[in-house]
Amino acid sequence: MATDRLIDRFGRLHNNLRISVTDRCNIRCTYCMPEQVQFLPRADLLSFEEIERFVRVATTLGITKLRLTGGEPLVRRDLPVLIEKLARIPGIVDVGLTTNGILLGPMARTLHGAGLRRINVSLDTMDPERFQRLTRRPGFEKVIEGILAAREAGFDPVKVNAVAIKGETDEDVVPLARFAREHGLELRFIEYMPLDAGNAWERGKVLYASEILELLAKEIGPLAPAPDQDPRAPAVDYDYADGGGRVGLIASVSRPFCGSCNRVRITADGKLRNCLFALDETDIRALIRGGASDLDLAVALRDSVAAKWEGHQINAANFIKPERLMHSIGG
Ligand code: SAM
Ligand code: SF4
């Protein structure tokens, strides 16, 4: 078995694996997927056993943290069973989940009981009508119920992720912040990225982190950079001066954090991606189903990380948008 760590050409050490468990979703966020989608046939998805095997191999190369995503991970049947399997793997210290929260309410306790400790719920607006416009589905109340149930179940913090789109969600920044402060949630704004289905992304629609900070400072109160920042985390955290909580800004477009990236991703159909914006993938599923050894898998993972580029090219003239849409990468 290879024992090397996952260090790329730029000296970045990778310890974080994001696992998409499905490309399916129960809503249709306009910035993520089209209304009509051809989902993967079930046989194309990695089975729980295949995911578990890959994670075991990945731990031998220094992967310690996992995040389950999708599509909507909670639509994958028996997800708590997978969480339990993954949380028990020696070397895994942390299993997180990113969800749209629609199905979270009734599942929060089971997820916590299965060993899940970190949860991010995506919510872009406090306005039910805008929710329906952005997601093309109803469900706002269910998401709120899910967030509160997660707090009740013992998740601490519960993080709320909001995609910030200029001209669409500007008016949501302050109400979301108030909601988060009221319920002790950690709110994080994500700059809108060009991974949407309809090619609707344009630079003018990015509501920049700096603009969000200004809005919050003006409407809610002064903020200062958090003293205990994790320099490798994508969010830059700020604390309210009045002690009313924390807000994070994920400035993927205006201040890319590629220099400290520690992530690799595997899609629901088993394609390894060394960057959200990668144009090449490594077919782990074909290797597994073709009889590859653990060493073969480790080498494939190591080679993929070694080939990682320095950073995404969103801000370059020659930017090429990956063919995969956000829902089939996992965010
Ligand atoms: N369905 C789950 C959810 O929505 O949380 C997990 C998958 S979703 C693809 C993961 C994250 O990506 C969500 O927080 C979502 O808001 C974010 N996202 C999707 N499309 C995006 C885009 N074009 N720009 C920025 N973030 C995006
Ligand atoms: Fe579904 Fe999440 Fe994409 Fe929204 S962002 S369509 S919830 S996968």
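Check the entry above for the structure.
Small disclaimer: the values here were computed from a predicted structure and weren't measured. (Residues numbered from 1 in each chain as written. Chains lettered and ligands numbered in written order. Predicted model: local features only at pLDDT ≥ 70, side-chain atom pairs only at ≥ 80, totals over all residues. Heavy atoms only, no water.)

Student: Outline the packing of aromatic side chains, listing residues and values.
Tutor: Tallying each qualifying case throughout the model produces 1 aromatic pair. Over the aromatic face of Tyr-240 sits the side chain of Arg-181, whose NZ or CZ is 4.4 Å from the ring centroid. (Phe/Tyr/Trp six-rings, centres within 6.5 Å; stacked < 30°, edge-to-face > 60°. Lys NZ or Arg CZ within 6 Å of the ring centre and 35° of its normal.)

Student: Let's hear about unusual backbone geometry: which residues, and what values?
Tutor: Across residues other than glycine, the phi torsion is negative in most instances, and most of the peptide bonds are trans. The peptide bond linking Asp-156 to Pro-157 adopts the cis configuration, its omega dihedral lying at 5°. Tracing the sequence through the fold places Pro-157 in the loop between helix H5 (140–153) and strand E5 (158–164). Located in the positive-phi region is Asp-78, a residue other than glycine, with phi close to 60°. Turning to its location among the elements, Asp-78 is positioned in the loop between strand E2 (65–69) and helix H2 (79–87). (Helix = DSSP H or I, 4+ residues; strand = E, 2+ residues; numbered from the N terminus.)

Student: Explain the sheet that holds strand E6 (residues 186–191) residue by residue, including any values.
Tutor: As summarised here, the arrangement of the 12 strands in space is E7-E8-E9-E6-E5-E4-E3-E2-E1-E10-E11-E12, forming an open sheet in which the pairing is mixed. Of all strands in the sheet, those with a lone pairing partner are strand E7 (223–225) and strand E12 (282–283), marking the two edges. Looking at chain direction, strand E1 (residues 16–20) and E2 are connected through 5 bridges and run parallel. Opposite Arg-18, over in E2, you have Arg-67 as the bridge partner. Of the strands in this sheet, E1, E2, strand E10 (263–266) and strand E11 (271–273) touch helix H1 (residues 48–59), which is tilted by about 170° from E1. Relative to E11, helix H9 (residues 294–306) is tilted by about 35°, and along the sheet it contacts E10, E11 and E12. (Pairing = 2+ DSSP bridges. Contact = heavy atoms within 4.5 Å. Axes fitted to C-alpha atoms, helices over the stretch in contact; angles between N-to-C directions.)

Student: Can you lay out the site of ligand 2 for me, pointing to particular residues and giving the numbers?
Tutor: All residues in the neighbourhood of ligand 2 are listed as Cys-25, Ile-27, Cys-29, Cys-32, Met-33, Gly-71 and Asn-100. Among the residues making up the shell around ligand 2, the classes are represented as 5 nonpolar, 2 polar and no charged. (Near = heavy atom within 4 Å. Nonpolar A, V, L, I, M, F, W, Y, C, P; charged D, E, K, R; others polar.)

Student: Which residues make up the site of ligand 1, and what values do they have?
Tutor: Near ligand 1, the surroundings consist of 18 residues, among which Tyr-31, Gly-71, Ser-122, Val-163 and Met-193 are the closest. At a separation of 3.2 Å, a nitrogen atom of ligand 1 approaches a polar side-chain atom of Glu-72. One of the backbone N or O atoms of Met-193 is found 2.9 Å from a nitrogen atom in ligand 1. Here ligand 1, which alone exposes 550 Å², has 95% of that area covered by the protein. At the level of secondary structure, the elements contributing two or more residues to the shell around ligand 1 comprise strand E3 (94–99), E5 and E6. Of the residues belonging to the shell around ligand 1, the class tally is 7 nonpolar, 9 polar and 2 charged. (Polar contact = N/O pair within 3.5 Å; in protein donor to acceptor, adjacent residues only side chain to side chain. Areas by Shrake-Rupley, 256 points an atom, 1.4 Å probe, with all protein chains shown as cover.)

Student: Please provide a residue-by-residue account of the pairing of E10, values included.
Tutor: Residues Arg-263 and Arg-265 line one face of E10 and the alternating positions Val-264 and Ile-266 line the opposite face, and both faces are buried. Judged from the 4 bridges that link them, E1 and E10 form a sheet pairing that is parallel. From the neighbouring strand, Leu-17 faces E10, where its bridge partner is Val-264. In this structure, E10 lies alongside E11, joined through 2 bridges in antiparallel fashion. Paired with Arg-265 across the two strands is Arg-273, which belongs to E11. Adjacent in sequence and paired antiparallel, E10 and E11 are bridged by 4 residues, among which Gly-270 carries a positive phi angle near 80°. (Buried < 20%, exposed > 50% of the residue type's maximum accessible area, 1.4 Å probe, protein only.)

Student: Give a detailed account of the pattern of salt bridges, specifying residues and quantitative values.
Tutor: Under the counting rule described, the total for this entry stands at 22 salt bridges. The shortest N-O distance in the salt bridge between Lys-218 and Glu-219 comes to 3.6 Å. For Lys-218, a relative accessible area of 67% gives the class exposed. Of the charged contacts in the structure, one is a salt bridge between Asp-269 and Lys-271, with a shortest N-O distance of 3.6 Å. Considered together, Asp-269 and Lys-271 belong to a single accessibility category, that of buried residues. Connected through salt bridges with shared partners, the residues Glu-49, Glu-52, Arg-56 and Lys-85 form a single ionic network. (Salt bridge = Lys/Arg side-chain N within 4 Å of Asp/Glu carboxyl O.)

Student: Tell me about the pairing of E5, and name the residues and values.
Tutor: Among the 7 residues that make up E5, 7 are buried, leaving the element largely enclosed by the rest of the structure. Along E5, one buried face is formed by Val-158, Val-160, Ala-162 and Ala-164 and the opposite face, lined by Lys-159, Asn-161 and Val-163, is buried too. Inspection of the sheet shows strand E4 (residues 118–122) paired to E5 by 4 bridges, in the parallel sense. Along E5, the bridge assignment pairs Ser-122 with Asn-161. Relative to E6, E5 runs parallel, the two sharing 6 bridges. Along E6, the bridge assignment pairs Asn-161 with Arg-188. The handedness of the E5 to E6 crossover, carried by helix H6 (residues 173–183), is right-handed. (Right-handed = clockwise from strand over helix to strand, strands pointing away.)

Remember that the coordinates give geometry; whether it matters functionally is a separate question.
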